[in-house]
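Results of the structural survey
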Amino acid sequence: MKTQAQVVVIGGGAVGCSALYHLTELGVRDCVLLERDELTAGSTWHAAGNCPNFSTSWNLIKLQRHSTRLYASLAERVGYDINYHITGSIRLAHTEERVDEFRHVVSQGRAQGIEFEMLSPAEIAARHPFLKTDGLRAGLYDPHDGDIDPAQLTQALAKGARDRGAEIYRNTRVTAIERLPSGEWSITTTRGTIRAASVINAAGYRGGEVAALVGQYLPIVTLSHQYLVTEDIPELVALGAARLPLIRDPDVSYYLRQERQGLLLGPYEWQATPHWLGGIPEEFANQLFDDDVGRLESYIEAACARVPILGSVGVKTVINGPIPYAPDGNPLIGPAPGLPGFFHCCAFTFGIVQAGGAGKVIAEWVASGQPEWDMWPLDSRRYLEFANHRFTHAKAVETYQYEYGIGYPAEERPAGRPAKASPVYARLKSKGAVFGARGGWERAVFFPAAGDPTKPEVSFRRPAWHAAIARECEAVAERVAVLDLPGFTKFEVTGPDAAPWIDGMVTGSVPRPGRTALNYFCAPNGGIVTEMTITNLGEGRFWLISAVAGERHDEHWLREHLPTSPVAVRIDNLSARFGTLVVVGPRSRELLQQLTPARLDNEAFPWLAVRTIEIGYTTALALRVNYVGELGWELHVPVEHMLSVYDLVWEAGEKLGIHDYGLYSMDSLRLEKCYRAWKGDLTTEYTPLMASLDRFVKLDKSGGFIGQAALRREAAAGPRERFVPLIVDADDADAAAVSIVYLGGDPVGLVTSGGYGYRIRKSIALAYVRSDLAAPGTALEIEILGSRRRAVVGREPLYDPDNLRLRG
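Remember, it's a predicted structure, so these values are computed and weren't measured experimentally. (Residues numbered from 1 in each chain as written. Predicted model: local features only at pLDDT ≥ 70, side-chain atom pairs only at ≥ 80, totals over all residues. Heavy atoms only, no water.)

Further remarks concern the overall build of the chain. Each helix and strand in the chain was counted, giving 18 helices and 38 strands. In summary, the chain has a C-alpha radius of gyration of 27 Å against a globular reference of 28 Å for 808 residues, a match within 12%. Here the chain holds 808 residues, and the buried ones make up 61% of them. Counting only contacts in the chain whose residues sit at least 6 apart along the sequence, the fraction spanning at least 24 positions is 72%. For the chain, the accessible area works out to roughly 29400 Å², and carbon and sulfur atoms hold 50% of it. (Helix = DSSP H or I, 4+ residues; strand = E, 2+ residues; numbered from the N terminus. Rg over C-alpha atoms; globule rule 2.2 N^0.38 Å. Buried < 20%, exposed > 50% of the residue type's maximum accessible area, 1.4 Å probe, protein only. Contact = heavy atoms within 4.5 Å. Areas by Shrake-Rupley, 256 points an atom, 1.4 Å probe, with all protein chains shown as cover.)

In structure tokens, the structure reads:
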């Protein structure tokens, strides 16, 4: 075995071999794959091999479509035969809600060059003559769907990588991993030790074991998934070489496809079954669990009623195998924080169809430092410390149960909650608040009144709880309102070199002492890595505040860019030590002035200023900023004082008409101000210039910043896209994220946020559009649930364009 390589991949399933293949395609030829057993051992060998393009996630469609395009040409590319049947597939819709989902995805697919097609029941029957259409509303046809032989796919990827110089060692177990003083990784195996600059953990359901070797925990639980294969069916034998389209019945929760001259049925049953909660057996590899067909009985009956030939023959084979699940069912891909050169690419629930795209993404991350696509929904840093074994177990079971659930824009599922809660949580709950989890924290999403729904209605259309949102927005705009916003990511950066170091990291200016400013951190190619509010507390002390979910992501970015030479900069994570109350509205100053001796007038405390003020029995860091565009303050309060300060604010505000508000109204209010959302409106696929944030970019900054050269080139050429607000002639549905913007028949943009603005009483979409279409007044269209709606480019911001209310 080699003793040195540039990259070592651990795991020889479809994903690991794809990573190896894509590394060599990028020119990284000095790479090695280590497999503890045989290639395909784990989840690959027993997978059903289905290859859908469908997803409600914009980037998962990209990932899966890359795979299916690759697989269609892979056999010829590498000279290895693969059984890949592109049969097309039909998804069945029993309800109008499911039809709405299909219409939304059809639009996404079209913008990515995939011609999904809506089918009537009669058209479904014409494409699948053995399927009964009773009770169906519609279907969605994916012409590029099909099934592939997982073992042949894996061997083809392995051959392609070997042919370019990669080496693969089977029956080679990794027993220890150590980072050396040189920065290299030493990987000890049963066949010797190998050193590498980079390591990719592609160990599938054993990904957690590999992570543990470097001191990390990955949130992975193994569940069993069963499918059964029938004996030959005479009607299918009679078809000869012709093949039926694959059927998915998501409202019942199963897939059904042809397997040779029989049928293969795979349900996602409600009785999700975890395994190995105490650890994975050492010798488990090319093995299965015992059959447990009883838990599939109702699904088998439903499938037989839908396709009667299924029940006309016996069952030949039952496969009950292990599949890894992260809490949300998405894989864990990306760099391991604090471990330079170590990457995760594991926990694939749909590993066969996602292997091709995942290999591309992780290879780009290793070779270039950043993938082409922003993969935040799959990023291994998206889970924080709360995602322990108990949480992962609960959420994985729920995710399996809802594997075919409708991908609504807003749904607050209950498993694994509450994981983290503010001291104010119980008080808000007693008021009837409805909560959602963000970064593990319970946050109020809305406050129902008598007659309102007491939980969020899930729909692609404007739901009934919007009446509650309207009341909250009215209180914010006309009186005073308070929001408990726990979990903000907060870093304190201190030291004599803190200011120049921060200045070299951000596109804009470091605020002067006593001031706060929004700033952007970019990748070398100019893409937006993160957005932070930077507050200068004086004497070389700064607070950097960012999104709750970005804590691990942002800390990783900051720490990996600390200078290697001695430098007087220290980073402390204060996220758990402070909570946040946001007090906003035209009477917010009047309210807070009752609670603090500090002056809050414009002369003493202007907009974008920061002060430490006494309030209640503590002091709070008060920032005169907010995310809703009204007069107001963020109060960052020691956690132990949060409840008492909240109660004081509420008591002082009662005579002023105070109201609680939640995340849903905050989102409506920020849309009117065109405030961007991290990983929604701002991703690494967009630069600050594309995001129309030119005012936050100092292209002439003498000290430079990460991404400055790329942004200068872009500024000279002109951004290809621009971020704009659109006023939409919507009906009962607003534009959801990843709705497509059209000019005539051509897709010209992508909606990144959408909703209804209650202050301006209009439907709003925030979108990236072609730069030549970004002028205010330009008339475009947005496809909303299959219907084109007129959308006119507005002038930013849509509400209070001169910020008079913020400065009031």
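So, about the side chain of Glu555. Here Glu555 is to be found in helix H14 (residues 551-560). On the basis of relative accessibility, which here comes to 19%, the residue Glu555 falls in the buried class. At a separation of 2.9 Å, a polar atom in the side chain of Glu555 contacts the side chain of Arg559. For Glu555, the side chain forms a polar contact with the side chain of Asn573, separated by 3.0 Å. Among all residues touching Glu555, those that are not within four sequence positions of it are Phe491, Gly550 and Asn573. (Polar contact = N/O pair within 3.5 Å; in protein donor to acceptor, adjacent residues only side chain to side chain.)

One pass over the full model with this rule turns up 29 aromatic pairs. Aromatic side chains Trp543 and Phe578 sit 5.0 Å apart centroid to centroid with 70 degrees between the ring planes, which places their arrangement in the edge-to-face category. Taken together, the residues span a long stretch of sequence, with Trp543 in strand S26 (residues 541-546) and Phe578 in strand S28 (residues 578-584) at a distance of 35 residues. Among the aromatic side chains, those forming a connected cluster through ring pairs are Tyr255, Tyr268, Tyr325, Phe350, Tyr400 and Tyr404. Taking NZ or CZ as reference, Arg443 lies 6.0 Å from the ring centre of Phe488, over its face. One Lys or Arg, Arg759, reaches over the ring of Tyr799 and ends 3.7 Å from the middle of that ring. (Phe/Tyr/Trp six-rings, centres within 6.5 Å; stacked < 30°, edge-to-face > 60°. Lys NZ or Arg CZ within 6 Å of the ring centre and 35° of its normal.)

Ranked by size, the top nonpolar core spans 48 residues in total, and within it Leu23, Leu74, Ile200 and Ile333 carry the most contacts. Taken together, the elements giving at least two residues each to this core come down to strand S1 (4-10), helix H1 (14-25), strand S2 (31-34), helix H2 (58-78), helix H5 (150-163), strand S19 (342-346) and helix H9 (351-368). Per-element accounting of this core gives the leading share, nine residues, to H9. Apart from residues no more than four positions distant in its own chain, Ile200 is found in contact with Val7, Val8, Val9, Ile10, Ala19, Leu23, Phe343, Cys345, Ile362 and Val366. Within the second largest apolar cluster, 32 residues are counted, among which are Phe435, Val637, Tyr646 and Ala652. (Core = buried A, V, L, I, M, F, W, Y, C linked by side-chain atoms within 4.5 Å.)

Counting buried residues in strand S25 (residues 528-538) gives ten out of eleven residues, a clear majority hidden from the surface. The sheet contact formed by strand S24 (residues 516-522) and S25 spans seven bridges and is antiparallel. In the sheet register, Cys522 faces S25, and the bridge partner there is Ile528. Hairpin connection from S24 to S25: five residues lie between these consecutive antiparallel strands, with Gly526 at a positive phi of about 95 degrees. Bridging between S25 and S26 involves five bridges; their strand directions are antiparallel. Following the sheet pairing, Thr533 is matched in S26 by Ile545. Counted between consecutive antiparallel strands, the loop separating S25 from S26 contains two residues, among which Glu539 sits at a positive phi close to 55 degrees. (Pairing = 2+ DSSP bridges.)

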